[in-house]
Amino acid sequence: MNGFDALYSKAKERIKLLSSLPCTKDEPIEQMLEKRGIDRRDFMKWAASVTAMLALPSQFTPLFAEAAKLADRLPLIWLHMAECTGCSESLIRSDAPTIDSLIFDYISLEYHETLMAAAGWQAETNLERAMKTHAGRYILLVEGGIPTAMNGLYLTLGAQGKTGLKVVQEAAANAAAIFSIGTCASFGGIQAAAPNPTGAKGVDKVVKQPVINVPGCPPSAENIVGTLMHFLLFGELPALDQYSRPKWAYGHRIHDLCERRGHFDAGEFVESFGDEGAKDGWCLYKQGCKGPYTFNNCSTERFNQHTHWPIGAGHGCMGCSEPNFWDSMGPLEKPLESHLVMGLNSTVDKIGTTLLSATVIGIGAHAVATLFMNNKEEKES
């Protein structure tokens with residue numbers, strides 16, 4: 001049996017297991033989608049897109065469709081820590097309901113402070129009941145950094161005044177899987193920027209259990225739902241990179257598949273926002289684009305129902321899915337001077353990519369040389 005056959009068999013067994021669990025919804029997902037104007041063809045197209053996004057053969061498409069029908073068997077607990085709720089907004093806000101957001105609605109969401117009506121003691125009781133009822137089976141999603149200074153007292157929550165640190169650690173203890181949603185939960189985010197007075201950290205730094213990071217400020221709805229769907233279908237975490245990010249979403253640089261990559265290779269750069277190069281869609285590297293150092297699938301998945309993304313709108317990538325991006329990627333609208341030697345990137349190892357030789361090959365030696373020559377001409381003039 002080869003690797004894909006084994007994975008297929010595992011998925012079939014997982015679906016069989018999920019089917020044996022109690023249903024928590026009053027209507028099947030197809031009926032719910034139909035009421036929202038989404039027919040079976042659209043649903044299957046969505047399942048096919050998830051399959052392709054996760055780099056799996058098309059034979060897995062019916063299995064993802066079947067898994068989505070059983071999504072209500074997956075209890076979720078979503079906690080909010082030190083954050084802006086932008087990650088939740090990324091998932092639930094759109095001009096029309098997407099299948100991704102509707103799948104999220106269909107999942108058994110046991111606790112989410114932004115979406116639920118309960119508050120105060122009632123909310124805390126709901127959280128405690130969910131953790132007890134679904135112990136060992138629920139998925140914990142955490143949004144926001146975890147303040148750790150003064151034993152976590154920079155963030156206290158709820159009627160009992162528990163610290164965010166304590167709430168996360170209690171919820172993590174009996175979780176089947178833990179997802180850090182967004183850069184704040186993954187790496188501390190802007191809360192962890194120097195001098196970091198609250199001691200904000202990523203979830204994986206404060207719990208003992210394995211954590212999968214889904215960074216971004218915010219991450220796309222596809223990266224959130226895709227990661228959930230992978231766990232739903234296979235019952236295990238996907239392959240991860242050195243920062244515990246799923247490789248299917250964070251395995252390539254933004255720069256590798258950027259729509260402006262051809263202009264980079266041709267040495268065509270925006271010299272100032274609003275110039276002719278900007279109007280013609282030239283490369284934004286000179287304006288501080290961090291695409292060559294940033295690993296994410298924004299250039300292919302995009303946002304707003306796959307229609308646009310920051311670089312497409314005319315602003316360079318900020319590197320928001322990388323650890324310590326607020327400190328290491330600044331200034332935001334200038335190239336990284338610490339990584340420039342003769343106009344090229346001598347090393348980007350601090351951001352976890354490659355050394356000089358691979359970087360030059362990856363981003364185009366001709367463009368690097370052109371950038372250097374342009375800088376030299378500017379100085380001479």
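What counts, and where the lines are drawn
- Residues numbered from 1 in each chain as written.
- Predicted model: local features only at pLDDT ≥ 70, side-chain atom pairs only at ≥ 80, totals over all residues.
- Heavy atoms only, no water.
- Core = buried A, V, L, I, M, F, W, Y, C linked by side-chain atoms within 4.5 Å.
- Buried < 20%, exposed > 50% of the residue type's maximum accessible area, 1.4 Å probe, protein only.
- Helix = DSSP H or I, 4+ residues; strand = E, 2+ residues; numbered from the N terminus.
- Contact = heavy atoms within 4.5 Å.
- Patch = residues over 30% accessible without salt bridge, like charges linked within 9 Å, V, L, I, M, F, W, Y side chains within 5 Å.
- Areas by Shrake-Rupley, 256 points an atom, 1.4 Å probe, with all protein chains shown as cover.
- Salt bridge = Lys/Arg side-chain N within 4 Å of Asp/Glu carboxyl O.
- Disulfide = S-S within 2.5 Å.
- Phe/Tyr/Trp six-rings, centres within 6.5 Å; stacked < 30°, edge-to-face > 60°.
- Lys NZ or Arg CZ within 6 Å of the ring centre and 35° of its normal.
- Lys, Arg positive; Asp, Glu negative; His and termini not counted.
- Polar contact = N/O pair within 3.5 Å; in protein donor to acceptor, adjacent residues only side chain to side chain.

Quick look at the nonpolar core
Residues Trp-46, Phe-64, Ile-103, Ile-139, Phe-179, Leu-228 and Met-229 are the most contacted members of the largest nonpolar core, which totals 52 residues. For this core, the leading source of residues is helix α10 (residues 221-234), giving nine residues. In this view, Phe-179 contacts Ile-139, Leu-140, Leu-141, Val-142, Ile-212, Thr-227, Leu-228, Phe-231 and Leu-237; residues no more than four positions away in its chain are not counted. Leu-140, Ile-146, Ala-185 and Val-211 belong to the second largest nonpolar core, which has 27 residues in total.

Remarks on a nonpolar patch on the surface
The grouping of Met-150, Leu-153 and Tyr-154 at the surface amounts to a nonpolar patch, some 340 Å² of accessible area in total. Judged by relative accessible area, which is 44%, Tyr-154 ranks as partly exposed.

Focus on the state of the cysteines
Scanning all chains against the criterion turns up zero disulfides. Of all cysteine sulfurs, the one in Cys-289 lies closest to Cys-283, which takes part in no disulfide; the gap is 6.3 Å.

A word on the packing of aromatic side chains
Two measures describe an aromatic ring pair: the distance that separates the ring centres and the angle between the ring planes. Within this structure, the stated rule accounts for nine aromatic pairs. With a centroid separation of 6.2 Å and an interplanar angle of 80°, the aromatic rings of Phe-187 and Tyr-243 are classed as edge-to-face. Linking Phe-187 in helix α9 (residues 183-187) with Tyr-243 in the loop between α10 and α11 (247-250), this pair joins segments that are 56 residues apart in sequence. Of the residues examined, Phe-187 reaches a relative accessible area of 14% and is grouped as buried. Of the aromatic side chains, those joined through ring pairs into one cluster are Tyr-8, Phe-60, Phe-64 and Phe-234. Above the face of the Phe-231 ring, Arg-14 is positioned so that its terminal group lies 5.6 Å from the ring centre.

Things to note about unusual backbone geometry
Here the residue pair Ala-194 and Pro-195 is connected by a cis peptide bond, since its omega of 5° sits within 30 degrees of zero. Here Pro-195 is to be found in the loop between α9 and β7 (212-214). Of note, Met-150 is a non-glycine position whose phi angle comes to about 55°, a positive value. For Met-150, the location among the structural elements is in the loop between β3 (139-143) and β4 (156-157). Backbone geometry places Ser-244, a non-glycine residue, at a positive phi of 60°. The exposure class of Ser-244 is partly exposed, given its relative accessible area of 21%.

Observations regarding the side chain of Lys-290
In this fold, Lys-290 is placed in the loop between α13 (276-279) and α14 (298-301). Buried charge without a salt bridge: Lys-290, with Glu-333 as the nearest opposite-charge side chain at an N-O distance of 9.1 Å. Here the side chain of Lys-290 touches Lys-334 through a polar contact of 3.2 Å, landing on its backbone oxygen. In this structure Lys-290 touches Cys-317, Met-318, Gly-319, Met-329, Pro-331, Leu-332, Lys-334 and Leu-336, once residues within four positions along its chain are discounted.

Examining the side chain of Gln-287
For Gln-287, the location among the structural elements is in the loop between α13 and α14. Residue contacts for Gln-287: discarding those within four places in its chain leaves Val-270, Glu-271, Ser-272, Phe-273, Leu-332, Glu-333 and Lys-334.

Things to note about helix α4 (residues 61-69)
Within the sequence span of α4, burial applies to Thr-61, Leu-63, Phe-64, Ala-65, Ala-67 and Ala-68. Residues of α4 that are buried make contact with α1 (3-19), α2 (29-35), α3 (40-53), α6 (99-106) and α10.

Some details on the pattern of salt bridges
By the definition in use, this model includes 15 salt bridges. Two residues, Lys-162 and Glu-170, come together in a salt bridge whose shortest N-O distance is 3.0 Å. Salt-bridge contacts for Asp-204 lead to Lys-205; the nearest nitrogen and oxygen are separated by 3.6 Å. Salt bridges sharing partners connect three or more residues here, namely Glu-30, Glu-66 and Lys-69.

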